[in-house]
Amino acid sequence: MDTAADLLFLNEEVALRINPFSEGEYLVIQTYPQEKNLKVSKRSFDYEIAKKYCELEGLGHDYATFELRIIRDHKLWTVNNSGYPRTISQQQDWKVSPEYLEAIDDNDNHGEIIICFCSYPYFHGVTAQTSGSGEVVECWHCVTCLVDDHEREIHSCPNCEISLVDELDDDSDDFYEQITQPAVCIGCANYHGQEYAEELLICAIHPYGWDGVSCPDFTVNNN
Ligand SMILES: [Zn+2]
């Protein structure tokens, strides 16, 4: 007999979240805006169906971007024009360890989960440390918070390697600019990076930025 839990799988929304991904499965994921959990809009083993869905999803949303990925070796990969894995995806199905999710809900804890521009979540919070003179001092640290890799102090993003250290020294706009400027835009004359009504405009040619290792419109900044 079916249990209530079995019936849940008949609901596509629920099944999307619960069923583990399979080798060779295509996923249409939301790559912007970023969320703490991987946002999957469609799963299919058929490349054409997934590609079509991705295109329609893109047309249907003005303020969100969607991209196609494929599962290989339990990881997400970008897809080439023939539907085969191309490069490892910056977005992965990151699993945040429950203790960090509890920590951000607990008012006694000072800390937050920050999502790197590349999609990687890490925890920025206070830890108590004993100084040389025996005094207990509170320090802000960036630590990893994934189920399979947590409590490791980090100074750069383990996924895209952007530096996170400046944030500890000062809260200047430089840090904000650094974390929001995609690596692919560094040194490009077209990079804009200003916020309008809380929407970040990356550049006039690609308002949401370019997802890839080299942008076709990259122009060397001679300043
Ligand atoms: Zn990153």
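Here the structure is shown first, and the text comes after it.
Residues numbered from 1 in each chain as written. Predicted model: local features only at pLDDT ≥ 70, side-chain atom pairs only at ≥ 80, totals over all residues. Heavy atoms only, no water.

S.K.: An account of the nonpolar core is needed here, citing residue identities and associated values.
M.R.: In terms of nonpolar packing, the biggest core is built from 12 residues, these being Trp94, Ile114, Cys116, Cys118, Tyr120, Tyr122, Cys142, Leu146, Ile154, Cys157, Ile162 and Leu164. When near neighbours in sequence (up to four residues on either side) are disregarded, Trp94 contacts Ser119, Tyr120, Pro121, Leu146 and Asn159. In this structure, Tyr26, Tyr47, Ala50 and Phe66 belong to the second largest nonpolar core, which totals 11 residues. (Core = buried A, V, L, I, M, F, W, Y, C linked by side-chain atoms within 4.5 Å. Buried < 20%, exposed > 50% of the residue type's maximum accessible area, 1.4 Å probe, protein only. Contact = heavy atoms within 4.5 Å.)

S.K.: Tell me about the layout of surface pockets, and please be specific about residues and values.
M.R.: Empty space within the largest pocket amounts to approximately 1,400 Å³. In this structure, the largest pocket is lined by 44 residues; those nearest its centre are Glu67, Arg69, Trp210, Asp211 and Gly212. The set of elements that each furnish at least two residues to the lining of the largest pocket consists of strand 1 (26-32), helix 3 (47-60), strand 3 (65-72), strand 4 (75-79), strand 5 (85-88) and helix 6 (173-180). Looking at the lining of the largest pocket, the element that brings in the most residues is strand 3, giving five residues. Along the lines of polarity and charge, the residues of the lining of the largest pocket split into 22 nonpolar, 16 polar and six charged. (1 Å grid on protein atoms, 1.4 Å probe; cavity = no way out; pocket = protein on both sides within 12 Å on 5 of 7 lines; lining within 4 Å. Points joined across faces, edges and corners; volume = space filled by probe spheres on them. Helix = DSSP H or I, 4+ residues; strand = E, 2+ residues; numbered from the N terminus. Nonpolar A, V, L, I, M, F, W, Y, C, P; charged D, E, K, R; others polar.)

S.K.: Lay out the pattern of salt bridges with the relevant residues and their values.
M.R.: Scanning the entire structure with this criterion turns up six salt bridges. We note a salt bridge from Asp211 to Arg69, for which the minimum N-O separation is 3.4 Å. Highlighted residues: Asp211 in the segment after strand 11 (199-201) and Arg69 in strand 3, separated in sequence by 142 residues. Classification of Asp211 by relative accessible area gives partly exposed; the value is 37%. (Salt bridge = Lys/Arg side-chain N within 4 Å of Asp/Glu carboxyl O.)

S.K.: Mind laying out the sheet that holds strand 2 (residues 40-44), listing which residues take part and the relevant values?
M.R.: The strand order 2-1-3-4-5 describes an open sheet built from five strands, whose pairing is antiparallel. Each edge of the sheet is formed by a strand with only one pairing partner; in this case those strands are strand 2 and strand 5. Across this sheet, the average inter-strand angle for adjacent strands is 45°, counted without regard to direction. Both strand 3 and strand 4 contribute to a ladder of four bridges, which runs antiparallel. Across the sheet, the residue bridging to Ile70 is Trp77, located in strand 4. In this fold helix 3 packs onto strand 1, strand 2, strand 3 and strand 4, with an angle of close to 155° to the strand it touches most, strand 3. (Pairing = 2+ DSSP bridges. Axes fitted to C-alpha atoms, helices over the stretch in contact; angles between N-to-C directions.)

S.K.: Tell me about the packing of aromatic side chains, and please be specific about residues and values.
M.R.: Under the counting rule described, the total for this entry stands at four aromatic pairs. With centroids separated by 5.0 Å and ring planes inclined at 40°, the aromatic side chains of Tyr32 and Tyr208 adopt a geometry described as tilted. With Tyr32 in strand 1 and Tyr208 in the segment after strand 11, this residue pair connects regions lying 176 residues apart in the sequence. (Phe/Tyr/Trp six-rings, centres within 6.5 Å; stacked < 30°, edge-to-face > 60°.)

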